Amino acid sequence: MPLRASMTKEIARRALLVAALAALAFQTAAGQSNESKAGAGTKPMAAGAASAAPVSNASDATKTLKTAAEAIGLARWSGVGGQRLPEVDVVNTIEIWGSGTTYSPGPSSKSGDPWTAFKTDYHVALGYNPPAMRVEMTRTSSAAPAGGAAPLHTIEVVRDNYAWDESEIGAGLVPGKGTATPAVAAANYRFLQLWILPYGVLKAALAAGDKTKVSTENGATVITFPLSGQLAGVTVKATLDAHNEIAKVETRTDNPALSDLITETEYSAYADHGEIATDVLSPGHIVRKQGGHAVLDIQIKTLDANNPYLVFPVPENVKKAAAR
Amino acid sequence: MAPHLRLNRGIVLAALLCLLPAALFAQNNGGPRMDHENTLPPTPTGPTPMTPDGHPDLTGLWNGLADNLLGVPNQMHNVGIEVGPDSTRDIHSGVQIATWPLQNRQRQNNEQNERAATLLRRMGSNRPIYKPQYWQRVKDFDANSNEEDPSNNCMPAGVPRMGVPSYIAQTPTYLVFVYPGQGGLIATATSYRMIPTDGRKHTNIEDLDGTWNGEAIGHWEGDTMVVDTIGFNSTSWFDQLGGYFHSENMHVIERFHRDGNTLTWTATVEDPDVLLEPWTTTPRVALLNPDPKAVLPESLPCSERDFAHVVTKEHH
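Residues numbered from 1 in each chain as written. Chains lettered and ligands numbered in written order. Predicted model: local features only at pLDDT ≥ 70, side-chain atom pairs only at ≥ 80, totals over all residues. Heavy atoms only, no water.

Each helix and strand in chain B was counted, giving five helices and 14 strands. Roughly 13,600 Å² of accessible area belongs to chain B as shown, and the carbon and sulfur atoms make up 53% of that amount. (Helix = DSSP H or I, 4+ residues; strand = E, 2+ residues; numbered from the N terminus. Areas by Shrake-Rupley, 256 points an atom, 1.4 Å probe, with all protein chains shown as cover.)

In structure tokens, the structure reads:
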């Protein structure tokens, strides 16, 4: 490289460094100003803090939920011009790819077990605004001989109180492109899947307001709250781990008509599983039981939390079926 | 990539992102300053001036700047996220979004700030509904926008992505819109539009060569100026974020309504080739620069040099 060019680049590099430092000083000063205005010094609540009181007040619940929301990157603010804005819940749409095992009632021909295990490819698209979820699974019976039964491919969708099955993604929206089969009876169970994910738990707990309680059990922080709307009658109990991440979610109900909504889900191995980093943490391993039986055991490969383009328009025939 | 190149790029990015808003305010000749404590639209004040022919006069410097340059608050406003001091609302769906007051939060480095900014400006619910066969294409464009965005490399943003014009001149038979080049989310060239309002009709679309800005004609519906545009190329994306491509048959209807010192803009995109239904942007409200001597600063020549050094798919 010619000396003159080299020197010019070095000068330019130093100028940029000075500019960057000046910019950072500007930003830092603004941040300090904001903090002094708002007041500082409160320690984040530690999960599992021993407490004699079994149930907290509303303020404790608020702090706990904030800490949990920050722990998984749901509560966020940005210094890119937004340093004076409050923190907000940034999670709307998420797409998940994973694989593992799912279980369905019915005897396994191989083991004689009353439930059949399926090797499962798992793909989920979901959104909270509007609340909707599309679960695509390709399942192969673990009991089937190699080259035996064809994999079972299903696409189950829910949006609000609409539920339907798609023959292909987006079926039923454009003439000639697949069929959408209404599945009204499945709406509540599918909807529940959305709200017992860690993000859904925190959103629903925040929405429950004063009805959300915080307690400690065996040294762990526990959040308890009722669901509402079409899931009214179901209570959620979420247990935090030492990192304030949601480790376990249990749903309970006294209503026999909602007994299929009694579930127990364990979440572990939290990390940013996105190809595009977002600092939104998600569980890497999900294990769910229903009525005491394992129904799902999935390892997450990738999770796109960057609010990707995911939409859930309701096909006309599904709307008509729900109106009947 | 050599470490020194990464360092230089990081320095450039930090300098641009942090200094840009301050620099632009300085250029604003004492004009109105966006209130960064919320993303609520400005409240109109003062009378709406009328032209001799009885229409609202849209002439003026609106924000004085391209409307995506002011960082996260303006970008959140543009996608319909209204952040107040204690509450946040998605104005498209009406959904309340959890909000925690500004206190006791941890410091963040630039990388954390950038990632959070990306999420904040993408959290709105107002999304165009494409035909299902295009869903994956939109996602792919969006995920790879650092490489795929047609407006990078100093190309025009196009209509309606360019948003609210920074300057409007109004005559009885023409509107002239000026859009300074942007260096914020995307690096685009300075652009202008000359819009006849003399009652003429569109050219037959078969006779139009598709362009970034298309062929626009304007007319008044009451006190609202309606700008109707056809004749696009299929190169541009129609919103700032999201990989929202379109066909040459896109039809855009923009509405400009002045109320005192504010100008509310919306754009409706019709494209039955790719969309299931028309899509309308969330209303954006621009504020008039009250300084009668204010002028638009000259945009620096757009010269994209970071593009070759992009090493991740993270958005900026």
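We now examine the nonpolar core. Counting residues in each nonpolar core, the largest one holds 72 residues, and the members touching the most others are Leu126, Tyr199, Phe225, Leu227 and Ile246 of chain A together with Met76 of chain B. Non-local contacts of Ile246 of chain A, meaning those with residues more than four positions away in its chain, are made with Pro198, Val201, Leu202, Ala238, Thr239, Leu240, Tyr267 and Tyr270 of chain A. Among the nonpolar cores identified, the runner-up in size contains 40 residues, and Trp62, Val138, Phe232 and Leu275 of chain B belong to it. (Core = buried A, V, L, I, M, F, W, Y, C linked by side-chain atoms within 4.5 Å. Buried < 20%, exposed > 50% of the residue type's maximum accessible area, 1.4 Å probe, protein only. Contact = heavy atoms within 4.5 Å.)

This part is about the sheet that holds strand β3 (residues 88-90) of chain B. Residue and element names in this part refer to chain B. Strand order in the open sheet made by the three strands is β2-β3-β4, with antiparallel pairing throughout. Two strands bound the open sheet, and with one partner strand each, they are β2 (81-83) and β4 (96-97). Across two bridges, the pairing between β3 and β4 is antiparallel. Along β4, the bridge assignment pairs Thr88 with Ile97. (Pairing = 2+ DSSP bridges.)

Moving on, we come to empty space enclosed by the protein. Residue and element names in this part refer to chain B. This model, assessed by the stated rule, comprises nine cavities of 30 Å³ or more. What the largest cavity holds in volume is close to 220 Å³. If you trace the largest cavity, you find 20 residues lining it, with Val79, Asn126, Arg127, Asp239 and Tyr244 closest to the centre. When its residues are assigned to classes, the lining of the largest cavity shows seven nonpolar, seven polar and six charged. (1 Å grid on protein atoms, 1.4 Å probe; cavity = no way out; pocket = protein on both sides within 12 Å on 5 of 7 lines; lining within 4 Å. Points joined across faces, edges and corners; volume = space filled by probe spheres on them. Nonpolar A, V, L, I, M, F, W, Y, C, P; charged D, E, K, R; others polar.)

On to the pattern of salt bridges. All names here are of chain A. For the structure shown, the criterion picks out 23 salt bridges over all chains. Here Asp89 makes a salt bridge to Lys203, at a shortest N to O gap of 2.7 Å. Residue Asp89 is located in strand β2 (residues 87-89), and its partner Lys203 is located in helix α4 (residues 198-207); the two are separated by 114 residues in the primary sequence. For Asp89, a relative accessible area of 6% translates into the label buried. Under the relative-accessibility criterion, Lys203 is labelled buried at 13%. Lys177 is the salt-bridge partner of Glu168, the closest N and O atoms lying 2.6 Å from each other. Given a relative accessible area of 18%, Lys177 falls into the buried group. (Salt bridge = Lys/Arg side-chain N within 4 Å of Asp/Glu carboxyl O.)

Moving on, we get to the sheet that holds β2 of chain A. The strand order β1(A)-β2(A)-β5(B) describes an open sheet built from three strands, whose pairing is antiparallel. Here the strands that pair on one side only, and so sit at the sheet edges, are β1 (75-76) of chain A together with β5 (99-100) of chain B. Judged from the two bridges that link them, β1 of chain A and β2 of chain A form a sheet pairing that is antiparallel. Within β2 of chain A, the residue paired with Ala75 of chain A across the bridge is Asp89 of chain A.

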